[in-house]
Each structure stands twice: as C-alpha cells, then as structure tokens.
Amino acid sequence: MMRRPGAESLVTQRLILRPWRESDRLPFRELNGDPDVMRHFPHPLSAERSDAIMDAWQDHIERHGWGFWAVERIRDGAFVGAVGIAYANFAAPFTPAVEIGWRMAKAYWRKGYTLEAASRALDHGFGTLRLEEIVAFTLPANLPSRGVMERLGMTHSPADDFEHPSVEEGHPMRHHVLYRLRRKDWHPPA
C-alpha cells in the first residue's frame with residue numbers, strides 16, 4: 001500500500017501506531033473473526049469485510065495523514081491491533097466529529113496497550129491537529145472500553161446517547177453511549 005506523503009507513525013514507549021501493511025491483513029482478519037474480540041459488535045467479521053475495513057482505514061490515512069493506525073509492538077514487531085482517530089462517517093446528532101477507537105487482539109488485552117496507544121492518538125489529535133473535540137462511542141455493556149474512555153478523561157452524558165445508524169433497527173446493539181473530550185480538558189493519564 002502506498003503511504004500518503006506526510007502520513008506519519010506515532011511512537012509510544014512500547015508501541016508504534018503506523019500506516020497499514022499488506023502483512024497486517026491476516027492478523028487483522030483473525031482479530032475481527034474472534035468472537036471474544038467482537039462480542040460488542042453484531043457479529044464477527046468475514047475476511048472480506050475485515051479487508052474492506054483495513055483498506056478504508058488505510059485510505060483515510062492516505063487522504064488525511066492520520067486515522068485508525070495498525071499498532072505494532074516495538075520489541076518484537078507483533079501486530080497488536082488498531083487504534084486511532086478518524087472522521088465519524090455516519091449521520092448522528094453529534095456528527096460531524098472525529099472519533100477515537102480501538103480494537104485489540106485478545107492476546108494483548110490487560111497490558112495497558114490500549115490506553116497507551118489511545119493517549120498517543122489523543123496527543124496527536126489535540127496537539128498536532130488542534131482538534132477542539134474528540135468523541136468515542138460503544139455499547140453500554142462494553143465496560144472495558146468505557147473504562148479506557150474514562151481513564152482518558154472522556155465524559156459521558158446520557159443525553160448524548162444515540163441509536164447507531166449502521167445497526168439495524170430493533171437490534172439490541174443499536175443503542176450506543178457517547179463520550180466526549182475537549183482539547184482544553186485533555187491531560188494524559190499518569
């Protein structure tokens with residue numbers, strides 16, 4: 001895949017958030033096909049759907065210089081998952097907006113990687129890009145992701161909750177909670 005001039009990688013103490021490579025395709029398919037990883041989504045993804053998401057995320061990076069990056073562990077080059085910020089591309093009461101999100105392979109849960117990578121993505125969004133606000137959303141029952149959002153300093157107001165238009169009406173996963181963080185309130189977690 002071609003990199004957009006200026007599309008950069010972000011580095012943390014243990015991780016690199018970088019543009020996607022063809023070698024990420026198989027581990028990303030495995031991540032998206034894992035029922036445990038995808039338990040807060042309507043269903044695990046097919047290889048074709050996983051590939052389409054990876055291609056769309058790389059396209060966002062090529063067009064804007066930032067997006068949902070592949071996350072690689074520095075010490076061994078292992079593919080950990082995906083973390084980043086991107087334009088929310090659906091109609092909702094809070095859009096247009098930039099969202100932060102993550103999807104990590106199960107082998108890398110509970111190691112602090114999500115918080116570390118998400119903190120770096122927020123630094124880039126608020127510092128380099130000078131965004132005024134970044135949002136995050138998930139299912140009410142997704143307590144691990146909600147915990148990361150709260151540790152990042154994001155706040156939830158029930159008045160912002162919404163029905164996700166990409167999930168069919170009547171589906172139990174249509175209702176989502178929304179978290180917000182403004183640049184003036186951003187303080188990296190200790």
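Residues numbered from 1 in each chain as written. Predicted model: local features only at pLDDT ≥ 70, side-chain atom pairs only at ≥ 80, totals over all residues. Heavy atoms only, no water.

This part takes up the environment of Trp 109. Here Trp 109 lies in the loop between β5 (98-104) and α3 (113-128). Take Trp 109: its relative accessible area is 22%, and that puts it in the partly exposed class. In this structure, the C-alpha to C-alpha distance between Trp 109 and Glu 30, residues 79 residues apart in sequence, is 15 Å. Excluding residues that lie within four positions of it along the chain, Trp 109 makes contacts with Asp 36, Val 37, Arg 39 and Met 104. A distance of 2.9 Å separates the side chain of Trp 109 from the backbone oxygen of Met 104, its partner in a polar contact. (Helix = DSSP H or I, 4+ residues; strand = E, 2+ residues; numbered from the N terminus. Buried < 20%, exposed > 50% of the residue type's maximum accessible area, 1.4 Å probe, protein only. Contact = heavy atoms within 4.5 Å. Polar contact = N/O pair within 3.5 Å; in protein donor to acceptor, adjacent residues only side chain to side chain.)

Below, the discussion takes up the packing of aromatic side chains. This model, assessed by the stated rule, comprises 15 aromatic pairs. Both rings, one in Phe 90 and one in Phe 137, keep their centres 5.5 Å apart while their planes meet at 85°; by these two values the pair is edge-to-face. Taken together, the positions of Phe 90 in the loop between β4 (79-87) and β5 and Phe 137 in strand β6 (residues 133-138) put the pair 47 residues apart, joining distant regions of the chain. Assessed through its relative accessible area of 12%, Phe 90 is described here as buried. (Phe/Tyr/Trp six-rings, centres within 6.5 Å; stacked < 30°, edge-to-face > 60°.)

A few words on the packing of helix α1 (residues 25-33) against helix α2 (residues 47-64). Angle between the axes and distance between the axes: these two values describe a pair of packed helices. Contact geometry for α1 and α2: axes closest at 9 Å, N-to-C directions at 120°. Between α1 and α2, the crossing angle belongs to the class labelled oblique. Where α1 crosses over α2, the two elements pack in a sense that is right-handed. Between α1 and α2, the contacting residues are Arg 25, Phe 28, Arg 29 and Asn 32 on the first element and Ala 47, Ser 50, Asp 51, Ile 53, Met 54, Asp 55 and Trp 57 on the second. Grouping the constituent residues of the contact of α1 with α2 by class yields five nonpolar, two polar and four charged. (Axes fitted to C-alpha atoms, helices over the stretch in contact; angles between N-to-C directions. Parallel < 35°, antiparallel > 145°, perpendicular 65-115°, else oblique. Left-handed = near helix turned anticlockwise from the far one by under 90°. Nonpolar A, V, L, I, M, F, W, Y, C, P; charged D, E, K, R; others polar.)

All told, the structure shown has 16 salt bridges when counted by the stated rule. For the salt bridge of Arg 18 with Asp 24, the shortest nitrogen-to-oxygen distance reads 2.8 Å. Taken as a pair, Arg 18 and Asp 24 share a single burial class, namely buried. Where Asp 185 meets Lys 184, a salt bridge forms, and the shortest distance between an N and an O atom there is 3.4 Å. The exposure class assigned to Asp 185 is partly exposed, which follows from its relative accessible area of 37%. Sharing partners across several salt bridges, the network here consists of Glu 22, Arg 25, Arg 29, Asp 51 and Asp 55. (Salt bridge = Lys/Arg side-chain N within 4 Å of Asp/Glu carboxyl O.)

Counted residue by residue, β6 has five buried out of six residues, so it is predominantly covered. Examined bridge by bridge, β6 and strand β9 (residues 175-182) share six bridges and lie antiparallel to one another. Its bridge partner lying in β9, Val 135 is registered against Arg 180. (Pairing = 2+ DSSP bridges.)

Moving on: unusual backbone geometry. For residues besides glycine, phi is generally negative; the peptide bonds are generally trans as well. With an omega dihedral of 10°, the bond running from Thr 95 to Pro 96 counts as a cis peptide bond. Looking at the secondary structure, you find Pro 96 in the loop between β4 and β5. Of note, Arg 110 is a non-glycine position whose phi angle comes to about 60°, a positive value. On the basis of relative accessible area, Arg 110 is assigned to the exposed category, the value being 77%. Residues other than glycine seldom take positive phi values, yet Arg 130 does so here, at roughly 60°. Following the sequence through the fold, Arg 130 ends up in the loop between α3 and β6.

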